[in-house]
Amino acid sequence: MCDNKISYEQIANPKSHYGNARASTRHFITQRVTGAVNIVLLALTLFIMVQLAGEDRSDVVELIGAWYIGLPLAVLIAVAAIHMRNGMRDTLEDYMHGKTYDLAMLLNTLFCLLLGALGIIAVLKLVFWG
């Protein structure tokens with residue numbers, strides 16, 4: 001039998017193991033914690049959107065450049081990138097296998113890392129350099 005094929009007997013056996021339990025638990029907890037943080041920081045996002053409705057660029061820079069808005073916004077971007085990576089990982093695990101899965105996970109990780117880093121750099125630039 002091939003290593004990546006799972007038989008009914010393996011699924012029916014409650015003592016079967018399907019991978020690293022610690023990594024799965026860490027993934028589960030990370031997904032829940034980042035989801036909760038996203039919900040909490042949603043209030044900040046809504047506040048920013050309401051405050052910036054109809055404003056020009058200088059007002060946007062002024063509001064996001066305030067440390068008490070910009071720093072939590074940078075944290076929100078980081079947490080959202082982590083949550084996005086984990087969510088896409090779940091989808092990729094369901095539909096891809098083997099080398100295709102490895103490539104897709106690499107691209108997913110790089111995309112989320114790049115998107116998160118660019119967003120954080122942009123916000124921190126406004127906070128520290130105006």
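Since this is a predicted model, take the numbers as computed values, not measurements.

As for the pattern of salt bridges
Part 1: The final tally for this structure, using the stated rule, is 1 salt bridge.
Part 2: Between Arg89 and Glu93 there is a salt bridge, with the nearest N and O atoms lying 3.0 Å from each other. Residue Arg89 and its partner Glu93 are both found in helix H4 (residues 67–95); the two are separated by 4 residues, about one turn of the helix.

Topic: the confidence of the model for the protein
Part 1: Scored by pLDDT, the protein has a mean of 87; 85% of the residues are at 70 or more.
Part 2: Averaged over each element, pLDDT in the protein is lowest for helix H1 (residues 8–12) (65) and highest for helix H5 (residues 98–129) (95).

Focus: the layout of surface pockets
Unoccupied space between atoms shows up once a probe the size of one water molecule is rolled over them.
Part 1: Each pocket or cavity is described by its volume, and for the second largest pocket that value is around 200 Å³.
Part 2: Around the second largest pocket, the lining comprises 13 residues; the ones closest to its centre are Ala81, Ile82, Arg85, Cys112 and Leu113.
Part 3: Secondary structure elements with two or more residues in the lining of the second largest pocket: helix H2 (21–52), H4 and H5.
Part 4: When residues of the lining of the second largest pocket are assigned to their parent elements, the largest contribution, 6 residues, is made by H5.
Part 5: Classifying every residue of the lining of the second largest pocket gives 7 nonpolar, 5 polar and 1 charged.

A short note on the packing of aromatic side chains
Part 1: On inspection of all chains with the given rule, the structure shows 2 aromatic pairs.
Part 2: Ring geometry for Phe128 and Trp129: centres 6.1 Å apart, planes at 70°, overall edge-to-face.
Part 3: Assessed through its relative accessible area of 53%, Phe128 is described here as exposed.
Part 4: For Trp129, a relative accessible area of 68% translates into the label exposed.

Details of the side chain of Gln31
Part 1: One can find Gln31 in helix H2.
Part 2: Residue Gln31 is classed as buried on the basis of its relative accessible area of 12%.
Part 3: Each residue touching Gln31, except ones within four places of it in the same chain, is listed here: His83, Asn86 and Gly87.

Side note on helix H3 (residues 57–65)
Since there are 3.6 residues in each turn of an α-helix, residues three or four apart along the chain are aligned in direction.
Part 1: Taken together, the buried positions of H3 are occupied by Val61, Leu63, Ile64 and Gly65.
Part 2: Where the residues of H3 are buried, they touch H2, H4 and H5.

Cut-off values and rules
Residues numbered from 1 in each chain as written. Predicted model: local features only at pLDDT ≥ 70, side-chain atom pairs only at ≥ 80, totals over all residues. Heavy atoms only, no water. Salt bridge = Lys/Arg side-chain N within 4 Å of Asp/Glu carboxyl O. Helix = DSSP H or I, 4+ residues; strand = E, 2+ residues; numbered from the N terminus. pLDDT = per-residue confidence, 0-100. 1 Å grid on protein atoms, 1.4 Å probe; cavity = no way out; pocket = protein on both sides within 12 Å on 5 of 7 lines; lining within 4 Å. Points joined across faces, edges and corners; volume = space filled by probe spheres on them. Nonpolar A, V, L, I, M, F, W, Y, C, P; charged D, E, K, R; others polar. Phe/Tyr/Trp six-rings, centres within 6.5 Å; stacked < 30°, edge-to-face > 60°. Buried < 20%, exposed > 50% of the residue type's maximum accessible area, 1.4 Å probe, protein only. Contact = heavy atoms within 4.5 Å.

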